[in-house]
Amino acid sequence: MSKKLVLAVIDAMKPAMLERAVATGRAPTLQALMERGEVVDSCVAAFPSVTPVCAASIATGTGPGEHDIPAMNWWHREEERYVEYGTSFGASRAFGIRQSLTDTIYNMNLEHLSRDVETVFERLDDTGGVRTAGTTYLMYRGRHRHEPAVDTALTRLAHAVFGLPTWGPKELFYADLFASRRTPCRSQLGLPGVRDQHGGCVAEFLVQNDLFDFLLLSLPDNDTHSHKYGPFAQIDSLAAADRQLARMMEPAGGIDAFLENHAIIICSDHSQSKVEQEIDLFKAFDGFGVRAAQRPRPGDEIAVCPNSRAAQVYVLDRDQRRKVVPRIERTLLALDGVDLVMRMGDHPDGEAIVRGERSRGVKEVRFAPRGDLTDARGEHWSVEGDIDLLGLTIEDDRVRSATYPDALSRVWSALRCRSSGEVLASARPGYEFRDWGGAHHVGGGSHGSLHANDSFGSLLWAGTGPAADSKEQWALRDITPMVLENFGVSA
Ligand SMILES: [Zn+2]
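Quick notes on the rules
- Residues numbered from 1 in each chain as written.
- Predicted model: local features only at pLDDT ≥ 70, side-chain atom pairs only at ≥ 80, totals over all residues.
- Heavy atoms only, no water.
- Helix = DSSP H or I, 4+ residues; strand = E, 2+ residues; numbered from the N terminus.
- Buried < 20%, exposed > 50% of the residue type's maximum accessible area, 1.4 Å probe, protein only.
- Contact = heavy atoms within 4.5 Å.
- Areas by Shrake-Rupley, 256 points an atom, 1.4 Å probe, with all protein chains shown as cover.
- Lys, Arg positive; Asp, Glu negative; His and termini not counted.
- Charge placed at Lys NZ, Arg CZ, Asp CG, Glu CD.
- Donors = N, O, S within 2.8 Å, 3.2 Å for Na, K, Ca; no water.
- Tetrahedral: all angles 85-135°; square planar, octahedral: opposite > 155°, others 65-115°.
- Core = buried A, V, L, I, M, F, W, Y, C linked by side-chain atoms within 4.5 Å.
- Domains from an automatic or database assignment.

Let's shift gears to the overall build of the protein chain. When helices and strands are tallied, the protein chain shows 17 helices and 24 strands. With the C-alpha coordinates of the protein chain rotated into their principal frame, the extents come out at 60 × 55 × 40 Å. Looking at the protein chain as a whole, 59% of its 491 residues qualify as buried. If you take every contact in the protein chain between residues at least 6 apart in sequence, the share linking residues at least 24 apart comes to 69%. As displayed, the protein chain has an accessible area near 19,200 Å², and 47% of this comes from carbon and sulfur atoms. Across the protein chain, the centroid of the 54 positively charged side chains sits 4 Å from that of the 68 negatively charged ones.

Quick look at the structure:
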């Protein structure tokens, strides 16, 4: 009989800030878990290191090349429109709040997430013997049908706008929109600052009433706090997340009693780094026909998709790619704050080309997933060109990068994603791309890039899983296999 398992995702938890919160006594529950289990302080995010892409990697154990969630803001080629999952309120408003919410709540799970991958909920639901449960998390697709909740005035309002059923884990508590049981917990439709409390309240209720074998508990407020006040302010928001973890364990009789029949995995989806300057893509692409947020115009050539510290550019008429892609690439390379520009080359078997403007001109590295080099996760590559550009070191057929962790695999997966743009960009430390609503986080924190600053998160577990040193490089895509293993389901 396997232990029950809680997977808690603390959005944007920065390993150094977790360490500080623990050292100053602000995160006693996390500290106690770290003392009782395994700790990894360099679990690598997906690229772009933004929440929807990382959430899909956590929930499916795959990268964007397989799960098809390319970004926070992207161009939907089949529907010829932008998708915006809520980079900021202004960005959502640019595309229509209702459309943005529908994309985030329903379409991300039911339409955009590839049907060729299964979520951890679907895998466990299929066993028939594992009771799955989830609090408000971007990724929730499961095998159980849920009707929208109707028991408060607020949800009646939401019901009128979004009155559609969905498919999730057995127990689903999503903002106030879906609640598979009556609980005392209210989310005020997921307002920042109350979302952790809603998750903690639901988790406490579920533990108290023994309603799950696997629970995904999402604690998103740390990300919001860190965007606003900068990553060094995370100590307060991590302390708040810690209190919700303690609250969940309380009905069991505290941490040690809880761990007797529960295992726990805690992860960040990505990190955050300080933002000091913005990059204005809209100005940079002024000379192009940029598709507007809402309506097409004659002469539209490209779609421009800022994603915090990453960006994607799409060529609308794919027959024009050969002509337009080099212009896009040149424009991005000339932009202050752009670190790396990535695209697929013309090699018939597929080859990634990464370029970057450096002091002595543009540098270039090309790579493909076949060859004699082995990366820190055991994947094979061939690489040629200016390997410094990606901080790569090559020694005895081993390829590594400390500056851009898991670089080759993450760039490859992003470029192979069928919904990605033709050209991808990653910002230099300190820079962020201004979004469709004109918003940025200068003075605060952000993420999205390939750089280690945004990419390394914490991963800790107790009561399940292997030793932390069993892998040289941990990644988000290791989490779903660890969950499945706990329940004896083959990954
Ligand atoms: Zn964020």
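Now, onward.
Bound to the zinc ion are the protein donor atoms Asp223 (OD), Asp223 (OD), His227 (NE2) and His447 (NE2), situated 2.1 to 2.5 Å from the metal. Around the zinc ion, the four donor atoms sit at angles spanning 55 to 145°, and that spread fits a shape best called irregular. Between the donor residues of the zinc ion, the gaps in sequence give the motif D-x3-H-x219-H. Placement of the pair is His227 in helix α10 (residues 221-229) and His447 in the loop between β23 (445-446) and α16 (452-455), with a sequence separation of 220 residues. Classification of His227 as buried rests on a relative accessible area of 11%. Judged by its relative accessible area of 4%, His447 is buried.

Turning to the nonpolar core, a few remarks are in order. Counting 78 residues, the largest nonpolar core has Phe214, Phe285, Ile328 and Leu332 as its most contacted members. Examining the composition of this core, we find that six residues originate from one element, helix α3 (residues 51-60), more than from any other. Each of domain 1 (4-69 + 113-272 + 451-486) and domain 2 (276-442) accounts for three or more of the residues forming this core. With residues up to four places along the chain from it excluded, the contact list for Leu332 reads Leu281, Phe285, Val313, Val338, Val341, Val423 and Ala425.

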